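# Breakdown of the fold
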Amino acid sequence: MVVTLDAQLLEILACPAPDHAPLTPGTPDDPDADALTCTSCGRVYEVRDGIPVLLLDEAIPPDGSENDDQTGSDGA
């Protein structure tokens, strides 16, 4: 489903990272995704129930990893 935010709101919204770059609808892989992508750092912010979740802790980094540092390794 494509993000349906008011155009004026989309112009105002910016990435919460220090560079405060503009956001574009969708993700690099799926332009119709319910998400906003930072034009500078590449972080992807989910849009839930029409509300952008602009929290750095919940952003998906540009490489696609979601801070899964401890999963997938059993230390063996």
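To start, this report covers the structure provided alongside it. Nothing here was measured: the structure is a model prediction, and the numbers come from that model.

## Some remarks on the pattern of salt bridges
Applying the stated rule across the entire model yields two salt bridges. Residue Arg48 pairs with Glu46 through a salt bridge whose shortest N-O separation is 3.3 Å. Looking at Arg48, the relative accessible area reads 37%, which means it is partly exposed. A relative accessible area of 40% places Glu46 in the partly exposed class. Of the charged contacts, one joins Glu58 and Arg48 as a salt bridge, the two residues approaching to 2.6 Å between their closest N and O atoms. Taken together, the positions of Glu58 in the segment after strand E4 (51–52) and Arg48 in strand E3 (residues 44–48) put the pair 10 residues apart, joining distant regions of the chain.

The rules behind the values
- Residues numbered from 1 in each chain as written.
- Predicted model: local features only at pLDDT ≥ 70, side-chain atom pairs only at ≥ 80, totals over all residues.
- Heavy atoms only, no water.
- Salt bridge = Lys/Arg side-chain N within 4 Å of Asp/Glu carboxyl O.
- Buried < 20%, exposed > 50% of the residue type's maximum accessible area, 1.4 Å probe, protein only.
- Helix = DSSP H or I, 4+ residues; strand = E, 2+ residues; numbered from the N terminus.

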